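Structural overview
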Amino acid sequence: GIQVEQSPPDLILQEGANSTLRCNFSDSVNNLQWFHQNPWGQLINLFYIPSGTKQNGRLSATTVATERYSLLYISSSQTTDSGVYFCAELNTGNQFYFGTGTSLTVIP
Amino acid sequence: DVKVTQSSRYLVKRTGEKVFLECVQDMDHENMFWYRQDPGLGLRLIYFSYDVKMKEKGDIPEGYSVSREKKERFSLILESASTNQTSMYLCASSWLPSYEQYFGPGTRLTVT
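It should be emphasised that the depicted structure is a prediction, and the values quoted were computed from it without experimental measurement.

Conventions and cut-offs
- Residues numbered from 1 in each chain as written.
- Chains lettered and ligands numbered in written order.
- Predicted model: local features only at pLDDT ≥ 70, side-chain atom pairs only at ≥ 80, totals over all residues.
- Heavy atoms only, no water.
- Disulfide = S-S within 2.5 Å.
- Helix = DSSP H or I, 4+ residues; strand = E, 2+ residues; numbered from the N terminus.
- Buried < 20%, exposed > 50% of the residue type's maximum accessible area, 1.4 Å probe, protein only.

**Things to note about the state of the cysteines**
According to the stated counting rule, one finds 2 disulfides over all chains in the structure shown. Each disulfide pairs two cysteine sulfurs, and for Cys23(A) the partner residue is Cys87(A), the sulfurs being separated by 1.6 Å. Judged by the sign of its S-S torsion, about -95°, the bond between Cys23(A) and Cys87(A) is left-handed. Residue Cys23(A) is found in strand β3 (residues 19-25), and its partner Cys87(A) is found in strand β9 (residues 83-90); the two are separated by 64 residues along the sequence. Each of the two residues, Cys23(A) as well as Cys87(A), counts as buried. One disulfide in the model links Cys23(B) with Cys91(B); its S-S distance is 1.8 Å. For the disulfide bridge between Cys23(B) and Cys91(B), the dihedral angle about the S-S bond is near -75°, and by the sign convention the bridge is left-handed. With Cys23(B) in strand β3 (residues 19-25) and Cys91(B) in strand β9 (residues 87-94), the pair connects residues that are 68 residues apart, well separated along the chain. There is no split in this pair, since Cys23(B) and Cys91(B) are both buried.

Written as structure tokens, this is what we have:
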């Protein structure tokens, strides 16, 4: 299956700071998604972004499919941004492969 | 909004019991998935289904079976629960052609 590498594994931010999370893929990128897992375990869709750039409020994402990576930007972070961020990609067998996540803690 | 619901948020079962976890989606999605999530191991695919009565094994199907009799419902069955099946179970659905996945709230299963 696809190898998905996320960095950094852990991140601690002061409220109001900006951050960049990264996903690298071992194979082609065609159906990339970013998720946020809140402290209760729910996985929330952030972006479906196989290529290009999308923005949603303080969050934006960029995927460079030709170089097999994607970036998630969080600006002006808030305590409610805390949780684990996952990226995932679909392989040819219709299976999504997830990275091991970036655990973000935003402190007031 | 897409809604994926799971039958229980928390479940405690005894070793050897038969366990049913149910997932229902309300958006007529073709694809449905069952994952388990464990610390340090991330999300791993157990089974998925791309149509009614169709199923495909994921990466870790051993000890599990699934049932999809109706398009909106996908059940995960632990035939004889074991302590190593204590985990968070997440259901997801997606539609063609985008494959964008939507997750349910998860079921934390403890097997004692």
